[in-house]
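Residue-level structure breakdown
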Amino acid sequence: MEQIIPSQIAPPFSGYQKLVIVLLALLQFTIVLDFMVLAPLGDFLMKSLSITPKGFGLVVSSYAFSAGASGILAAGFADKFDRKKLLLFFYTGFIVGTLCCAMSTTYEMLLGARIVTGLFGGVIGAISMTIVTDLFAVHQRGRVMGFVQMAFAASQILGIPIGLYLANLWGWHAAFYMIVLLAVGIALTVVFNVKPIDKHLAIQSDKNAFLHLWHAVSNPSYQTGFLATAFLSVGGFMLMPFGSAYLINNINISQVELPMVFMFTGIGSIIMMPLIGKLSDKLDKFMIFCAGSLLAVIMILIYTKMTPVPLWQVVLLNTVLFMGIMSRMIPATTLTMSIPDQQDRGAFMSVNASLQQVAGGIAALCAGLIVTQETKSSPLQHYDTLGIVVSVLIMICGFFVYRVNVLVKKKGQA
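Source: prediction; values computed, not measured.

**Topic: the pattern of salt bridges**
- Taken as a whole, this structure holds one salt bridge when the rule is applied.
- The closest approach of N and O atoms between R114 and D34, which form a salt bridge, is 3.1 Å. Of this pair, R114 sits in helix α5 (residues 107–135) while D34 sits in helix α1 (residues 15–36), placing them 80 residues apart in sequence. The burial state of R114 is the same as that of D34; both residues are buried.

What follows is the structure, encoded as structure tokens:
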């Protein structure tokens, strides 16, 4: 049983812990960028490869479904190996898959490459969260998640604008080559600087991997965490795929202005996320989640009904919307991470990530069915309907996160 340490006397990070935080943040940066860059590149891809909104939704969801499948398959084995070795195995596969994306010349090749990337990349987030739970005390995790989740903002400040700049110069393939080069450097740093993470191997009780998986998925407390995470992911997956197409075709943002939208939104977010992480360690995590959910719903309903407005207004609305989304993600993820026992963390995180990806894949497919476009350059239709659907799902998610909050408090009291 973990000892609950009051936030005011929580131990400071050691030098090695700081190194791990930086590496995990960089790992997340490449994984998030690989997924998020599809949205701003969406208009490039849909026009250059003649992809319909439904087809593009399939490209996005194919990654999610393959990631979900690999998460389930890996769950039974996730606690049987050194976390470092497991991380490097899947990260190598992710690099190969991203390289295949960069080399794709047809819609079918891109679809296949996204499936390969998802098979490996979808598990990395789960392994990273498991490492955070293994190496950091309960009342350090909010701050850690605040920094690690800065990968979302960093991808908007640096990755997406640079990726779009390279895409404008040399085509959309260049963005994926950029991710491959960065990922190779990160992988080599992990190889030479991270120690083995294998203390969990000494307390394993399930010798059979499938029995270990069954014990994880059949635990009622774990099931509550799974449902909370699945609903948490739906909103982002539904709005994200068509974000750039919406800004370009409905709000009249140009391809040149698009990187500025992501960059300034990211700058605002990267300032807020460490603050949200610190608040999550000091205040009630569920109350922060509720405040973020309320802000997200309000901004989604405004954002999805926008008419053409000046660039500064688009940036402001994007920033506040992303602030609401992160105010949900950080405390909810920190709470969910605290549910599993140490010997089950790898399996729990793998299944959790798997359900998150599958739920996101379904959401992306549904978004592709809701949103329509008459021609390649005509405005997207029914995007406001999508906003209403996402808002309802955010409210449903609140119920499951509340149940997670109750479970975590009971565990702390025990």
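**Overview of a nonpolar patch on the surface**
- On the surface, M260, F264, I267, I271 and L275 cluster together to form a nonpolar patch covering roughly 420 Å² of accessible area.
- Topologically, L275 is positioned in helix α12 (residues 258–282).

**Some words on empty space enclosed by the protein**
- All chains considered together, the criterion is met by two cavities of 30 Å³ or more.
- One number sums up the size of the second largest cavity: a volume of about 70 Å³.
- Counting only elements with at least two residues in the lining of the second largest cavity, the list comes to α1 and α4 (83–102).
- Counting residues per element, the lining of the second largest cavity draws most heavily on α1, at four residues.
- Here the lining of the second largest cavity is built from residues that sort into nine nonpolar, no polar and one charged.

**A few points about helix α13 (residues 285–303)**
- Over its 19 residues, α13 runs 26 Å from end to end, which matches the ideal 27 Å to within 8%, given 1.5 Å per residue.
- Three or more residues of α13 are buried, namely K285, F286, I288, F289, G292, S293, A296, V297, M299, I300 and Y303.

**Considering the packing of aromatic side chains**
- Using the criterion set out here, one finds ten aromatic pairs in the structure.
- Ring centres of F231 and F400 lie 5.3 Å apart, and the angle between their planes is 15°; on these two criteria the pair is classed as stacked. Within this pair, whereas F231 is found in helix α10 (residues 220–239), its partner F400 is found in helix α16 (residues 383–413), the two being separated by 169 residues in sequence.
- What makes F231 partly exposed here is its relative accessible area of 22%.

**Observations concerning the packing of α1 against helix α8 (residues 173–193)**
- Close contact between α1 and α8 brings their axes to 10 Å; oriented N to C, the two are set at 155°. In terms of axis orientation, α1 runs roughly antiparallel to α8. α8 is crossed by α1, and the crossing has left-handed handedness. Side by side, α1 and α8 meet where Y16, L19, L23, L26, L27, F29, T30, L33 and D34 of the first sit next to F176, M178, I179, L182, A183, I186, T189, V190 and N193 of the second.

**Thoughts on the side chain of T229**
- Relative to the assigned elements, T229 resides in helix α10.
- Each residue touching T229, except ones within four places of it in the same chain, is listed here: T336, N352 and Q356.

Parameters and conventions
Residues numbered from 1 in each chain as written. Predicted model: local features only at pLDDT ≥ 70, side-chain atom pairs only at ≥ 80, totals over all residues. Heavy atoms only, no water. Salt bridge = Lys/Arg side-chain N within 4 Å of Asp/Glu carboxyl O. Helix = DSSP H or I, 4+ residues; strand = E, 2+ residues; numbered from the N terminus. Buried < 20%, exposed > 50% of the residue type's maximum accessible area, 1.4 Å probe, protein only. Patch = residues over 30% accessible without salt bridge, like charges linked within 9 Å, V, L, I, M, F, W, Y side chains within 5 Å. Areas by Shrake-Rupley, 256 points an atom, 1.4 Å probe, with all protein chains shown as cover. 1 Å grid on protein atoms, 1.4 Å probe; cavity = no way out; pocket = protein on both sides within 12 Å on 5 of 7 lines; lining within 4 Å. Points joined across faces, edges and corners; volume = space filled by probe spheres on them. Nonpolar A, V, L, I, M, F, W, Y, C, P; charged D, E, K, R; others polar. Expected span 1.5 Å × (residues − 1). Phe/Tyr/Trp six-rings, centres within 6.5 Å; stacked < 30°, edge-to-face > 60°. Axes fitted to C-alpha atoms, helices over the stretch in contact; angles between N-to-C directions. Parallel < 35°, antiparallel > 145°, perpendicular 65-115°, else oblique. Left-handed = near helix turned anticlockwise from the far one by under 90°. Contact = heavy atoms within 4.5 Å.

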